[in-house]
Every structure is written in C-alpha cells, then in structure tokens.
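Spelled out from the first residue to the last, the chains are:
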Amino acid sequence: MDSGEEKATTFLSRAASSLPPPHAIRDLLSHGVCVRCIFRLFGVSEYDDSCPLLKASTLLSLLEEQRNIPNAISENGSIANDLTQCPYDPHASGNEQPYCSVCLGILQFTNGHDQDLRTCESNSVSVLTSAITEILKKEAHQIDGFSIEISLPPVVSANDRAIWLYMKGRYASEEWFIGKLLSQQISVKDALRSLVTTSLESCLGVKSSSSSFRIRLTYIHEEASSKLQCSMQKFHGFKRRKTETNCKERMVDDLCGKNETISGEFHRCDSDAVVHCTLNAMQDDAFSELFMLPPEKTNNGCKLTISCYRLPVYIGGRYLKFSRRVSQSRWMIEDERMGEASVEVRMLGSGRPFLVEVSNARVMPSMVNIQEIADKINNSNDKYVTVRNLKLVGSEAWNLLREGEAEKQKQYAAVVWISRPLTEVDFNKISSIKNLDILQKTPVRVLHRRSPMDRKKIIHWMMVDKIVGTSQHFLLHLCTQAGTYIKEFVHGDLGRTHPSLGSILGCRAEILQLDVTDVKMDCFD
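Residues numbered from 1 in each chain as written. Predicted model: local features only at pLDDT ≥ 70, side-chain atom pairs only at ≥ 80, totals over all residues. Heavy atoms only, no water.

A closer look at the pattern of salt bridges
As a reminder, the rule being used: By definition, a salt bridge exists where a carboxyl oxygen of Asp or Glu is found within 4 Å of a side-chain nitrogen of Lys or Arg. Put simply, DSSP marks the helices as runs of H or I at least four residues long and the strands as runs of E at least two long, and each gets a number from the N terminus on. For every residue, the accessible area (1.4 Å probe, protein chains only) is compared with the maximum for its type, and the residue is labelled buried under 20%, exposed over 50%, or partly exposed between those bounds.
Counted by the stated rule, this structure contains 15 salt bridges. Between Lys 227 and Glu 223 there is a salt bridge, with its nearest N and O atoms 3.8 Å apart. Separated by four residues within a single helix, Lys 227 and Glu 223 lie in helix 8 (residues 222–242), roughly one turn from each other. Accessibility expressed as a relative area gives 39% for Glu 223, which makes it partly exposed. Of the charged contacts in the structure, one is a salt bridge between Glu 488 and Arg 445, with a shortest N-O distance of 2.8 Å. Here Glu 488 is found in helix 15 (residues 486–491), whereas its partner Arg 445 is found in the loop between strand 13 (434–441) and strand 14 (454–466), with 43 residues between them in sequence. Each member of the salt-bridge network shares a partner with another, and the members are Glu 149, Arg 214 and Arg 216.

Shown next as structure tokens:
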C-alpha cells in the first residue's frame, strides 16, 4: 500500500463511525451520489484531497471489512445475500456516474472551465488550483493573502434536501439514522471552500484571510436551473390553489395537469437569493410533491468560471493648487493689467481633501509607494498642484468626503471689479448678509466633468475691504459651504446662479483674483 492509499485508509478509519452502513452507502452510490457528497451528508469534515483515492469499491470494501461483513462482493462480482437490499455493484460497467446527482460534479472537480482546462480524470482539487494559479500568473497579481467567494446554483441546495428526504423516508426506522438531522450536513459550498483553501495555501504559500484579494468561483447549470425554475413556478401556483381547497388530490391533479406560466414576481426566477429563501420556507410535504426524491442522475456537470480581483484601494490626502487659469476678460487697475485673459487662483491653508479609487490593483501599494507618488507630484516642474498627508484609507472615507462637501466650510479672498463705483450702502448690504441660500446650476466650464444639475449652497458670511486708489475694485472675504462655485456666485455665469453678488448689487461683477483656504477635514490628517 503506497502512502496515498495508507492516508486514505487512515482517514476512513476515523470517519467510519459517522458513516451509514454499507447497504445505505450502496443505495446512495446507485443513485449517483459521489464519495465526497456521502462524507459531507453525514458531517465528515476532515476529508481532503485523499478522497479521490477512495473509489466506490474501495470505500465499500473498507467499510465492510471494518464492520465484519465478509465477502460482500465475490471475485466474480456477485452480491452477498445480506446486502441484497441494494444490489449495487461498483465493479459493474455503467455504474460509474460521471457527474454526482447532488453536487452536479462540483466536488468531483470535473467541471468545464472557461479557461479551456480539460477534465481531470483523478477528480483532484489540484486541477482547480492549477487553473487559479495560471490566472494569477497571467494577470500579474501579487498577493499576500486571499479569500474565496463561491456562487452555486440554488438547485444544489434543493438536491441536498431531496437526497436527505429520500434517506429519511427509507431509513428513518433504522438505528443508525435516528438522531440524524439535515442541519448536521456540511454544505457543498463549505466543503468546496475547505478543499480549495487548503490546496491553494499549499500551492501559493500564502494564507486565507479576510484579504482584499478575492478568488471567485461561479458555477452554473442551465438545465438543472431551468427545471428548478419550473418547480418554483408550480410551487407558487400551488400556494394560490391551496387557499381554494384543502383537498390534496385536487392539488396534485392541478400540478400534473397544468403547465401554465406564472406571471409576476416569479415569472423569471433569476434571483438566487429569492430561490434560496423560497426553498427554506417550503415545508417538506410541499417540497416532496415538487421535486424528485432522490434527485435524478445527470449526464452534465456544472460549468465553472474563475475570476480573480482585488477590492478597490483608496488613497486619500489633501491637495493645494498653485495656479488655475479660467478664461476671463482682461481688466486694468491703475494702468496695470490684472490677469492674462484668465483668473489666477491660489489655494491656501491645509488644502482640499481628495480621494482616489484604484480598481483591481495588481499590487497592493505600500506606504513607501505612496510616499514615492507624493514626492513625484510635489517635485514636478509644472507645479500645478502639491499634495500632503497622502495615505491609504478605508472605503468609509467616501462618506466622510461627502459629509465634508455638504457640511464643511471654505473661505475665499477675491479681488472683485464692479461696473459702477462702490458705495457705503453696498458695503453695509454685503456685510449684513448671513447664511444666504443660493441655487447654482453646473457651470459651463465644468460640464465636461460634472453632471448638469441644480445644487443648493449657502453663503455663510461676506466682508468687504476697500482698495486704495480705486472705487470700482474691492477685496471680498467670504465663507461658503464647500462645493460652492465662487466665480459663478460673484458674476452669475450667464445667470446660472440665483441669486449672485452681481444681482444683489444691481450691477455687473467680475472676479480678477481668487485665493482659497480650506477648512481642515480630520479624516485626511
């Protein structure tokens, strides 16, 4: 006996006490249930990739030997008299089922892959591990951990329940079955996750954890899912008719005699969550009326799609703009040109918070990488912007950023020109304004990057300083809600702000120079 067979035998010796007697195992095998599903149906959780060595014949031989059942199958293949309850011969031709009738080939690892992998004759998890490893290499992912996501068709859960109800109906009176519960089963999803995780940890040399890197296995079985959908439609028709009569014979006749299409919420039962919820709420008698017990054998297995991705990575910080040019008219103050057909904007203070989302990063950036990015930006010859406090942040920063846009305040200092001389009445009028509500449409100049819509903003306060030597220019200090378009508030941007400073003063107003000071936002400091 080689090491693999010895390992499998040792495992079976430990698991034998949890398994049913050989005649029940023969029964399950005769209905196309795979060896792995037999283990998990009876709560055996320790099995690993040694299970492929436990063929049906090996499993039966070892169990019969341990339970002192001699010569269950003779050399010529005949069945011993004490096992004629289920005359299943694993050596007979045609008895080897290519796809499990319960897991639909998922735990046999005989699924067709979209990566053009061939079926693995050994039913080993290594074929799936190899497929995943190849994808990681092809897509250049570098990982230090992973988590497994699994999506199974709801029909697998229905098959689990169907085989259990079959066993309950046949073996409920036998001593070995007493005390067995459906809840003691290990689900296909949990069994698959355990096998794949163990194999991947060994192959990749990294541990499974709550990592941001996800490996997703999506299984589909169109034929079985279509049949399940029909059963769900019948069930909802069954529920409606049940309110009309309690006569079971009439309900069965209705189900068998009508093939109507149920409209409404279950016209297309394409929501797995809804199907699972419906199955869980279904009573055993209703389930037994709608589903075959045990589930029928299948000649087709599930199809598998493998995808690998990393959850979004968020980099947050603050930026300060050195200059920003916005097309404007040229104005002269005391024979000096103010601006070269533009408005010069400087950002003062701690800077404005920003957040960058990196989708499906191939490499998780370190703090060293983040600092290198900051240095490259800050050392740029163009000097359009500098950044500070650059760091990795959680996805919750999006909410903080949105709250900041709605609740935080920003202060500005602007040199403003008006089309008439400024008066003391104007000074007093501007200074008396508190918490002015304005409605701003998206400015023309930013329509290429922001959606057109109306935005309510608040001008909290304004103050005015005179500029010596001119009566049509003044220094405007104002505090606004974050996200307010200051240029548009001052001159109205073709009437796109209501009201604007120009409309309040009853004259034309233009910004010549603008400085910005952001209020501090703690999440990026």
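Quick word on the environment of Glu 46
How we decide: Any two residues having at least one pair of non-hydrogen atoms within 4.5 Å are treated as being in contact.
Mapping Glu 46 onto the fold places it in the loop between helix 3 (35–41) and helix 4 (56–66). With 145 residues separating them along the chain, Glu 46 and Ala 191 place their C-alpha atoms 9.7 Å apart. Each residue touching Glu 46, except ones within four places of it in the same chain, is listed here: Phe 11 and Arg 14.

Overview of unusual backbone geometry
Here Leu 293 and Pro 294 are connected by a cis peptide whose omega angle stands at -5°. Relative to the assigned elements, Pro 294 resides in the loop between helix 11 (284–290) and strand 4 (303–310). A positive phi angle, close to 55°, is found at Asn 389, a residue other than glycine. Here Asn 389 is to be found in strand 11 (residues 385–393). Residue class for Asn 389 comes out partly exposed when judged on its relative accessible area of 30%. Positive phi is not limited to glycine here, since Asn 435 has a value of about 50°. Looking at the secondary structure, you find Asn 435 in strand 13.

Considering the sheet that holds strand 11
Stated precisely, the cut-off is as follows: For two strands to count as paired, DSSP must find a minimum of two bridges between them. Axes here refer to lines fitted to C-alpha atoms; in helices the fit is confined to the stretch in contact. Angles between the N-to-C directions go from 0 to 180 degrees.
An order of 10-5-11 is seen for the three strands of this open sheet, with the pairing classed as antiparallel. Looking along the sheet, the strands with just one partner apiece sit at the ends: strand 10 (352–358) and strand 11. When the angles between neighbouring strand axes are averaged without regard to direction, this sheet yields 30°. As judged from the seven bridges shared by strand 5 (residues 313–321) and strand 11, these two strands associate in the antiparallel manner. Considered in strand 11, the bridge of Ile 315 is made with Leu 392. Strands in contact with helix 12 (residues 367–378) are strand 5 and strand 11; relative to strand 11, the strand with the most contacts, it is inclined by about 170°.

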